[in-house]
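Chain residues, written in single-letter form:
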Amino acid sequence: MMDFEFDIEGGNFTRAGTASSAVKKILNQLNVDYSVIKRVVVALYEAEVNVVAHAYQGKISAQVEVEGITVVVEDEGPGIADIEKAMQEGYSTASDRVREMGFGAGMGLPNIKRNVDQLNITSEVGKGTRLEFRVNFSQ
Ligand SMILES: Nc1ncnc2c1ncn2[C@@H]1O[C@H](COP(=O)(O)OP(=O)(O)O)[C@@H](O)[C@H]1O
Ligand SMILES: [Mg+2]
């Protein structure tokens, strides 16, 4: 089992994707199927972008095992009041600044859900959000 940790800086779009690129490299070295790697990278990238776009700072921890990967993304931020609503396609509270940068289509969370085998989101308004997902390496 291998553990990886990454910090995410809220507002810094130039660094969004750092963790997903690093994890992609690791999974490539482990000869995980490309179709599976792609799902992990999409989900992790969307989770990273959400911290950058919506929160102040966050931490990612990724646990790689023989059978799969578990990722926890925890942030300090405004939290999500209605998670079910946030999961709907097209729902977004992204600021104008975030939209100008090409983000805020409201497809991130639905995209994460579509690509992972297990997803759990908990959030406390005014405090932050915790997103955990699991992708199995063999179907
Ligand atoms: N880490 C987060 N902290 C606070 N709010 C979030 C977070 N992630 C998602 N959200 C909320 O859920 C909504 C939908 O997220 P998402 O589907 O990724 O769309 P988008 O990021 O394009 O707005 C966001 O607009 C925001 O209101
Ligand atoms: Mg998003």
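Now for a description of the structure that goes with this document. (Residues numbered from 1 in each chain as written. Chains lettered and ligands numbered in written order. Predicted model: local features only at pLDDT ≥ 70, side-chain atom pairs only at ≥ 80, totals over all residues. Heavy atoms only, no water.)

## A word on the pattern of salt bridges
Step number 1: Following the criterion strictly, the structure yields five salt bridges and no others.
Step number 2: The closest approach of N and O atoms between Asp-7 and Lys-59, which form a salt bridge, is 3.2 Å. Of this pair, Asp-7 sits in strand β1 (residues 2–9) while Lys-59 sits in strand β2 (residues 57–64), and the two are 52 residues apart along the sequence.
Step number 3: On the basis of relative accessibility, which here comes to 53%, the residue Asp-7 falls in the exposed class.
Step number 4: You can call Lys-59 partly exposed: its relative accessible area is 48%.
Step number 5: Salt-bridge contacts for Glu-132 lead to Arg-130; the nearest nitrogen and oxygen are separated by 2.9 Å. (Salt bridge = Lys/Arg side-chain N within 4 Å of Asp/Glu carboxyl O. Helix = DSSP H or I, 4+ residues; strand = E, 2+ residues; numbered from the N terminus. Buried < 20%, exposed > 50% of the residue type's maximum accessible area, 1.4 Å probe, protein only.)

## Brief notes about empty space enclosed by the protein
Step number 1: Inspection of every chain in the model, using the stated rule, returns one cavity of 30 Å³ or more.
Step number 2: Here the largest cavity defines a volume of roughly 70 Å³.
Step number 3: Looking at the largest cavity, the residues that line it are Phe-6, Asp-7, Ile-8, Glu-9, Asn-12, Arg-15, Ala-16, Thr-18, Ala-19, Glu-48 and Val-52.
Step number 4: At the level of secondary structure, the elements contributing two or more residues to the lining of the largest cavity comprise β1, α1 (18–29) and α2 (34–54).
Step number 5: Among the residues forming the lining of the largest cavity, the class breakdown is five nonpolar, two polar and four charged. (1 Å grid on protein atoms, 1.4 Å probe; cavity = no way out; pocket = protein on both sides within 12 Å on 5 of 7 lines; lining within 4 Å. Points joined across faces, edges and corners; volume = space filled by probe spheres on them. Nonpolar A, V, L, I, M, F, W, Y, C, P; charged D, E, K, R; others polar.)

## Points about the environment of Asn-12
Step number 1: Summarising the element assignment, Asn-12 is placed in the loop between β1 and α1.
Step number 2: For the pair Asn-12 and Tyr-56, spaced 44 residues apart in sequence, the C-alpha to C-alpha distance is 9.7 Å.

## Focus on helix α5 (residues 108–115)
Because an α-helix completes one turn every 3.6 residues, residues spaced three or four positions apart along the sequence face the same direction.
Step number 1: Extensive coverage of α5 is indicated by the burial of six of its eight residues.
Step number 2: For α5, every residue scored as buried is listed here: Gly-108, Leu-109, Pro-110, Asn-111, Ile-112 and Asn-115.
Step number 3: Considering only its buried residues, α5 is in contact with α2, α3 (83–86), β4 (118–124) and β5 (128–136). (Contact = heavy atoms within 4.5 Å.)

## Some details on the sheet that holds β5
Step number 1: Taken together, five strands build an open sheet; the order of strands is β1-β2-β3-β5-β4 and the sheet is antiparallel. This sheet does not close on itself; its edge strands, each paired only once, are β1 and β4. Across this sheet, the average inter-strand angle for adjacent strands is 10°, counted without regard to direction.
Step number 2: Here β1 pairs with β2 via eight bridges, running antiparallel. If you follow Glu-5 over to β2, its bridge partner there is Ser-61.
Step number 3: Where α1 meets the sheet, it contacts β1, β2 and β3 (68–76), and its direction lies at approximately 160° from that of β1.
Step number 4: On top of the sheet, α5 reaches β4 and β5; it is set at about 30° to β5, its chief contact. (Pairing = 2+ DSSP bridges. Axes fitted to C-alpha atoms, helices over the stretch in contact; angles between N-to-C directions.)

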